[in-house]
Amino acid sequence: RGTGGTDFYELTERAAEVEVLPGLRTPIQGYGGTFPGPTIQARSGRRTAVKLINQLGEPTVLHLHGGHTPPESDGFPTDLVAPGASREYVFPLEQRAATLWYHDHTMDYTGPRVWRGLAGMFVVRDAEEEALPLPSGERDVPLLICDRSFAADGTLLYPALGGRPGVREAYMGGVLGDVILVNGAPWPELRVANARYRLRLCNASNARVYELATGGPMVRVGGDGGLLAAPRTVERLRLAPGERADVVIDFSAYRVGQRVELRNLAGEGAQGRVMRFAIDRPERDDSAVPPRLSAVEPLDPSRAKVTRDFAFTSGSMHGGVGWLINGRPFDSERMEARPRLGDIEVWRLTSDVAHPVHVHLDHFQVLSVNGERPSGPPEWKDTVELRDAQTVEIVTRFTDYRGRYVLHCHNLEHEDMAMMAAFEVV
Ligand code: C2O
Ligand code: CU
Ligand code: CU
């Protein structure tokens, strides 16, 4: 923490054509004209200033997902940057090292904007993490995972834009694609040494939930809010839209010449293929996964000043059906809650059908899922998957900044259909 100073970046939102499927041109709207946008490397305690230049024909907003950000730079959904205009977002990054991501957050249009390319990764590092022997450098790989659908000519298909029968239904549940992309490429192959790698997995999909597996062990070392207290070996990794997981895979368990496939076991259809690792060389490996990673201070719910309820359900809105929080659609002027700066609060989130719930400003810890404590020590999260008819209690503390923020469903179509609420830290 506290190295001071500022790093400057420029992100120009513009239309471009890229090759995603072999031999076809895909029109996108991307940061810097790429999909995904550039991975931003940042340091805890050092400001990152991002100048957003909007060269698209429509207003946009930038949000740093997982960022502990003052309200004027958090990308409130109505805080728009007009076409042809630019704006500087300042991220103080007074927060732990973590795998974050940035994306468009325009009210009513986040789904199609992200689908067409406005998303990228943002890695925050700190001294605590660098003192650990975890794989680093070439062996620390950000992987942005999302699904997309394409027309035969390579154009991205987004159902709300087509207006064919069944579109409303496809849109209601959230838009799913039939091709999984990793860093913008379908079923890519990464050449690796027979050594440990740290993979920073980010589910940037509009609506798809993944269960990722290689057929061998993966060691999860981090989540949305940075390092876990201790590593956890898993065979499968579930990631809802918006969630991240840092895992270490030890490719020395395989022979040079072998391939390891990362697959998605959730959902139906041909969407199982995610990516491949080709072990193509021996290499010396000094990395390790230590048994203790970090100190994660448990937030004490008995110190909570307030308990609030947020019900995520469908309901009628504007004469049709929409997605609502506490029975109301998003209204940027109405504050659903006014937590006090410095207070600990417990939020009780309930669902009708599954919703990945994301809270801006401060990370939280999950206290219970349907009344049961989650296994293992607490971890910091910013997005939690509510499955069908669940109650999830989270505890959080409002720190550093007063002002307006949002919480919302990170199924981006649900978010666009108004499953979002504003709160103001006072
Ligand atoms: Cu990833 Cu409010 O968003
Ligand atoms: Cu966010
Ligand atoms: Cu939802």
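All of these numbers come straight from a predicted model, not from anything done at the bench.

Participant: Give a description of the domain arrangement of the protein that names residues and reports values.
Facilitator: As far as domains go, the protein holds domain 1 (6–127), domain 2 (137–281) and domain 3 (301–425). The C-alpha-based centres of domain 1 and domain 3 are spaced at 23 Å. Counting residues at the interface gives 15 residues for domain 1, matched by 15 residues for domain 3. Of the residues belonging to the side of domain 1 that touches domain 3, the class tally is seven nonpolar, five polar and three charged.

Participant: I'd like to hear about the UniProt feature "domain: Plastocyanin-like" (unreviewed entry) in the protein, residue by residue, with values.
Facilitator: As annotated by UniProt and renumbered to match this structure, "domain: Plastocyanin-like" (unreviewed entry) occupies residues 17–128, 193–253 and 312–425. For residues 193–253, the end-to-end C-alpha separation is 11 Å, with 0% helix and 62% strand making up the annotated structure. In this annotation, residues 312–425 is assigned 4% helix and 51% strand; the end-to-end C-alpha distance for the span is 21 Å.

Participant: Describe the sheet that holds strand 26 (residues 364–369), and please don't skip the residues or the numbers.
Facilitator: Strands sit in the order 22-21-24-28-26 across an open sheet of five strands; the sheet is mixed. Each of the sheet's edge strands pairs with one partner strand only, and the pair in question is strand 22 (320–325) and strand 26. Averaged over all adjacent pairs, the angle separating strand axes in this sheet is 20°, with direction ignored. In terms of strand pairing, strand 26 meets strand 28 (residues 391–397) through five bridges, oriented antiparallel. When the bridges of strand 28 are listed, Val-366 appears paired with Ile-394.

Participant: Provide a residue-level description of the nonpolar core, including the pertinent values.
Facilitator: Judged by nonpolar contacts, the single largest core of 67 residues is most densely connected at Trp-101, Phe-122, Leu-144, Ile-145, Leu-201, Cys-202 and Val-247. When residues are assigned to domains, this core turns out to be shared by domain 1 (6–127) and domain 2 (137–281), each giving three or more. Beyond its immediate chain neighbours, meaning those up to four positions away, Trp-101 contacts His-65, Ala-119, Gly-120, Met-121, Phe-122, Leu-144, Cys-202 and Ala-204. Formed by 35 residues, the second largest nonpolar core is a distinct cluster that contains Phe-76, Leu-349, Val-357 and Phe-398.

Participant: Before we move on, could you go through the environment of His-414 and cite the residues and values that matter?
Facilitator: By the secondary structure assignment, His-414 is in helix 5 (residues 412–416). Sequence-wise, His-414 and Leu-324 are 90 residues apart; in three dimensions their C-alpha atoms are separated by 8.5 Å. Each residue touching His-414, except ones within four places of it in the same chain, is listed here: Gly-174, Trp-323, His-355, Cys-409 and Met-419.

Participant: Go over unusual backbone geometry, please, and point to the residues and values.
Facilitator: Between Phe-35 and the following residue, Pro-36, the backbone shows a cis peptide bond with an omega angle of -5°. Along the chain, the position of Pro-36 falls in the loop between strand 2 (26–31) and strand 3 (40–43). Of note in this structure, Asp-400 is not a glycine but carries a positive phi near 70°. Summarising the element assignment, Asp-400 is placed in the loop between strand 28 and strand 29 (403–409). According to the C-beta neighbour criterion, Asp-400 is partly exposed, with 15 such atoms within 10 Å. Backbone geometry at Ala-418 places phi at a positive 90°, although glycine is not the residue there. Note that Ala-418 resides in the loop between helix 5 and strand 30 (420–425).

Participant: Lay out the environment of Gly-84 with the relevant residues and their values.
Facilitator: Among the secondary structure elements, Gly-84 is positioned in the loop between strand 5 (62–65) and strand 6 (86–91). On the neighbour-count criterion, Gly-84 (10 C-beta atoms within 10 Å) is exposed. In the structure, Gly-84 is positioned 25 residues away from Pro-59 in sequence and 8.9 Å away in space, judged by C-alpha atoms.

Participant: Explain the sheet that holds strand 6 to me, and be specific about the residues and the numbers.
Facilitator: Strand order across the open sheet formed by four strands is 2-1-4-6, with mixed pairing between neighbours. The open sheet has two free edges, formed respectively by strand 2 and strand 6, since each of these has just one partner strand. Ignoring strand direction, the axes of neighbouring strands in this sheet form an average angle of 20°. For strand 1 (residues 6–18) and strand 4 (residues 47–54), the ladder comprises eight bridges, and the chain directions are parallel. When the sheet's bridge partners are listed, Asp-7 is paired in strand 4 with Thr-48.

Reading the values: rules and limits
Residue positions within a chain follow its written sequence, with the count starting from 1. Chains carry letters from A onward and ligands carry numbers from 1 onward, assigned in written order. Given that the model is predicted, a residue must reach a pLDDT of at least 70 before its local features are reported, and side-chain atom pairs must reach 80 or more before they are shown or counted; all residues, however, enter totals for whole chains, interfaces and linings. Domain ranges listed in this record stem from an automatic or a database domain assignment. A pair of residues counts as a contact when their C-beta atoms, built from backbone coordinates, are within 7 Å of each other. Each residue receives one of three labels: charged for Asp, Glu, Lys and Arg, nonpolar for Ala, Val, Leu, Ile, Met, Phe, Trp, Tyr, Cys and Pro, and polar for the others, Gly being one of them. UniProt positions are given in the numbering used here, feature names are shortened, and annotations may be inferred rather than shown by experiment. Helical segments are the DSSP runs of H or I of at least four residues, strand segments are the runs of E of at least two, and each set is numbered from the N terminus. Each pair of strands is called paired provided DSSP finds at least two bridges between the two strands. A fitted line through C-alpha atoms represents every axis, and for helices the fit uses only the stretch in contact; the resulting angles, taken between N-to-C directions, go from 0 to 180 degrees. The term nonpolar core refers to a set of buried Ala, Val, Leu, Ile, Met, Phe, Trp, Tyr and Cys residues connected through C-beta atoms within 7 Å. Counting other C-beta atoms within 10 Å of each residue's C-beta, where C-beta atoms are placed from the backbone, gives the exposure class: buried for 20 or more, exposed for 12 or fewer, partly exposed between.

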